[in-house]
Amino acid sequence: MYILAIESSCDETSVSIIKGGKEEIATVVLSQMDTHANYGGVVPEIASRMHIENITLVIEEALKKANMTMDDIDAIAVTYGPGLIGSLLIGLMAAKTLAFAYKKHLIPVHHIAGHIYANNLVKRLEFPLIALVISGGHTDLIYMKEDYSFEKLGGTLDDAVGEAYDKVARVINVPYPGGPLVDKLAHQGQDTYNLPLPLDDDSYNFSFSGLKSAVINLVHNEKQRGNEIIPENMATSFQNRVVEILTKKTMKALKEYDVKNLIVAGGVAANKGLRERLTKECNENGINLTIPEIKYCTDNAAMIGAAGYYAYKLGRRADLSLNAKASERLK
Amino acid sequence: MKYLFIDSATATLVVAIIIDNEIAYIYNKETGKDMSSTIMPVIEEAFAQTALTPKDIDKIFVSTGPGSFTGIRVGLAVAKTMAWSLNIPIIPISSLEVIASTPNTNNNIALIDARRGYVFAGVYDNELNEIKEDKHILLSDIKADGTYISYDDFEGLKPQIDLLKVIKKHEKEQGENPHTVNPKYLKLTEAEENLKKKNDNANK
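All values reported here derive from a predicted model rather than from experimental measurement. (Residues numbered from 1 in each chain as written. Chains lettered and ligands numbered in written order. Predicted model: local features only at pLDDT ≥ 70, side-chain atom pairs only at ≥ 80, totals over all residues.)

A. Structural detail: the overall build of chain A. In terms of regular secondary structure, chain A is built from eleven helices and ten strands. The C-alpha atoms of chain A give 20 Å as radius of gyration, which agrees with the globular expectation for 331 residues (20 Å, within 12%). By its C-alpha atoms, chain A is 65 × 45 × 30 Å across when sized along the principal axes. Evaluated residue by residue, chain A yields a buried proportion of 54% over its 331 residues. If you take every contact in chain A between residues at least 6 apart in sequence, the share linking residues at least 24 apart comes to 74%. (Helix = DSSP H or I, 4+ residues; strand = E, 2+ residues; numbered from the N terminus. Rg over C-alpha atoms; globule rule 2.2 N^0.38 Å. Buried ≥ 20, exposed ≤ 12 C-beta atoms within 10 Å, placed from the backbone. Contact = placed C-beta atoms within 7 Å.)

Structure, rendered in structure tokens:
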């Protein structure tokens, strides 16, 4: 079964053709990152404007790359939320139009289900599993008993982890998108700054706004005293707290739910510091860890096509009134 | 000839199918925030009632704005995707011209509220010739004789669109490649305006 998948929830226009939920036939990702970098972050209206200019070009390119036509496609999967509403709508309207014009099933896919199923393109998911989803918009711990069953154990109460990275990057003068550069700096510095371990409690929830504020205050106070902060050391200190709390709560979830499979998903899964730490912990505790390669960590339609296949098998369909949702619970 | 017409640039959604210069189906209703969930079911109904399929369409007429940024894109995403996939030419139409098709003896000044005293405005005569081009402008700066026509609260007439007049005016046009048909917002985003100001100041 061939699924044509469309993802446009933020600043990437992406279309992919996926066979049987596992095999990537062709993917095209058009990133707007260079444009948004001029503004220090994603500007929703500009993102929407770029999506409408590119959507048909990206669909055409994906089909061309796959050497297929719409008649070879069995169903259309699309991200309907969560995300930027204006951005989501472009992919959604295109998907609904194709589903209508070619009489194909329309499969609604939750963006986070997509991130989780990015791992299925690397290796067939093994259940039960714990998924740690970390990105610019999400920080969630999810328990999956079987395919397409999602039990949220906890999530961030304020900033997403990627958001905290971008804000800290700004404070220590690292250009947008700051995450990868802070990660790089963190490998060059030392943990010298006294930062708190955020929301170190018994829950599976996270909170990063306190840690972010602690960084901002520390930088501010040092400046007032006429001291320069050392960006490398600040990056190391910040990243160590983030990695520590993510690892601690993830390992706790694996233990309490007696689960041997961990998957990590989302843009922050590209973080080297976190990869190293989780790899070490999982090796020591006999946990099978899957982290997809970088191209599957950031937003892409391949993951939507993978998730869409399992949603389809469960009978998930949408009619042509399907709307985009800025926020939506994973179900 | 069989045409599909889509205008979703204002709160009033217009979807029509025109067969040999007659309106075979028309939906013309205030839809507002439900535009994105309403438009495809309406298009589905349009094809069902006329017993046509998208493959039967010779040209797609679509309004490319100005108006609601999101609204324009919702209709245009449908038009572009259908036109590209079925290899149908698109004829882009001004949303203000559609409003200005309202029968009147005067020139029509079509208006769409753009907030903070601004409007999107276009001045058209009764043959839909453009007297003054579509603009994002302060209402008080419009210097033209004619009657205000608007769905929004301006003193004048409410639109009673004459779709066949709009179609007739444009149906001889070749049409454009769907990939390159894009919205005419007539206004930069706030972020772009601010960046421009900053750069202009830096250059002073």
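B. Looking closely at the pairing of strand β2 (residues 12–19) of chain B. Residues and elements named next belong to chain B. Taken across its eight residues, β2 has seven buried, putting it largely inside the fold. Note that strand β1 (residues 2–7) and β2 share six bridges and pair antiparallel. Within β2, the residue paired with D7 across the bridge is V14. The pairing of β2 with strand β3 (residues 22–30) spans eight bridges and is classified as antiparallel. Bridging across to β3, V14 finds its partner in N28. Counting the residues between successive antiparallel strands, the hairpin from β2 to β3 contains two residues, one of them, D20, with a positive phi of roughly 45°. (Pairing = 2+ DSSP bridges.)

C. Layout of the sheet that holds strand β6 (residues 108–113) of chain B. All names here are of chain B. Spatially, the four strands line up as an open sheet ordered β8-β7-β6-β9, and their pairing is mixed. In this open sheet, the two strands that pair with only one neighbour each are β8 (130–138) and β9 (147–149). Mean inter-strand twist for the sheet, computed between neighbouring axes without regard to direction, equals 20°. Bridge analysis of β6 against β9 gives three bridges, and the strand direction is parallel. Across the sheet, residue A110 finds its bridge partner in β9, namely I149. (Axes fitted to C-alpha atoms, helices over the stretch in contact; angles between N-to-C directions.)

D. A look at the interface of chain A and chain B. On the side of chain B, 27 residues touch chain A, which itself brings 27 residues to the contact. Counting residues per element, the ones that place at least two in the side of chain A that touches chain B are α2 (44–66) and α3 (85–101) of chain A. Taken together, the residues that form the side of chain A that touches chain B break down as 16 nonpolar, seven polar and four charged. (Nonpolar A, V, L, I, M, F, W, Y, C, P; charged D, E, K, R; others polar.)

E. Summary view of unusual backbone geometry. Omega for the peptide link from F127(A) to P128(A) comes to -5°, which places this bond in the cis form. By the element assignment, P128(A) lies in the loop between α4 (111–117) and β6 (129–134). In this chain, G65(B) is followed by P66(B) through a cis amide linkage whose omega measures 5°. By secondary structure assignment, the location of P66(B) is in the loop between β4 (59–63) and α2 (69–86). Phi is positive for L128(B), close to 65°, though the residue is something other than glycine. With respect to the helices, strands and loops of the structure, L128(B) is situated in the loop between β7 (118–124) and β8.

F. Focus on the domain arrangement of chain A. All names here are of chain A. Split by domain assignment, chain A resolves into domain 1 (2–117 + 299–313) and domain 2 (127–291). Relative to domain 2, the C-alpha centre of domain 1 lies at a distance of 28 Å. Taken together, the contact pairs ten residues of domain 1 with 15 residues of domain 2. Taken together, the elements giving at least two residues each to the side of domain 1 that touches domain 2 come down to α1 (33–37), α4 and α11 (302–313). Sort the elements by how many residues they give to the side of domain 1 that touches domain 2 and α4 lands first, with four residues. When grouped by side-chain class, the residues that make up the side of domain 1 that touches domain 2 number seven nonpolar, three polar and no charged. (Domains from an automatic or database assignment.)

G. Examining the sheet that holds strand β7 (residues 139–144) of chain A more closely. Residue and element names in this part refer to chain A. Pairing in this open sheet of five strands is mixed, and the strands run β8-β7-β6-β9-β10 from one edge to the other. The strands lining the two open edges of the sheet, one partner per strand, are β8 (151–155) and β10 (288–290). Sheet twist, expressed as the average angle between the axes of neighbouring strands with direction ignored, equals 20°. As paired strands, β6 and strand β9 (residues 261–265) are joined by five bridges and run parallel to one another. Following the sheet pairing, I130 is matched in β9 by L262.

H. Region of interest: the environment of S135(A). All names here are of chain A. Of note, S135 is situated in the loop between β6 and β7. Accessibility expressed as a C-beta count within 10 Å gives 25 for S135, which makes it buried. As for S135 and N119, which are separated by 16 residues in sequence, their C-alpha atoms are 15 Å apart.

I. Structural context of the nonpolar core. One finds I76(A), A131(A), V15(B) and I60(B) to be the most contacted residues of the largest nonpolar core, which totals 167 residues. With eleven residues, α3(A) is the single largest residue contributor to this core. Each of domain 1 (2–117 + 299–313) and domain 2 (127–291) of chain A accounts for three or more of the residues forming this core. If sequence neighbours within four positions are ignored, A131(A) has contacts with I116(A), I142(A), M144(A), I263(A) and A265(A). (Core = buried A, V, L, I, M, F, W, Y, C linked by C-beta atoms within 7 Å.)

J. Focus on helix α6 (residues 178–186) of chain A. Residues and elements named next belong to chain A. Those residues of α6 that fall on the buried side of the exposure criterion are G178, G179, V182, D183, L185 and A186. Across the axial projection of α6, the buried residues extend over an arc of 165°, all falling on one side. Elements that come into contact with the buried residues of α6 comprise α5 (161–171), α8 (231–256) and α9 (272–285). (Arc of directions from axis to C-beta.)

K. Spotlight on α11(A). Residues and elements named next belong to chain A. Given a rise of 1.5 Å per residue, twelve residues ought to cover 16 Å, and the 17 Å separating the end C-alpha atoms of α11 matches this to within 8%. Along α11, eleven of the twelve residues are buried, which leaves the element largely enclosed by surrounding structure. Listing the buried residues of α11 in full gives A302, M303, I304, G305, A306, A307, G308, Y309, Y310, A311 and Y312. Within two residues after α11, G315 carries a phi angle of roughly 85°, on the positive side. (Expected span 1.5 Å × (residues − 1).)

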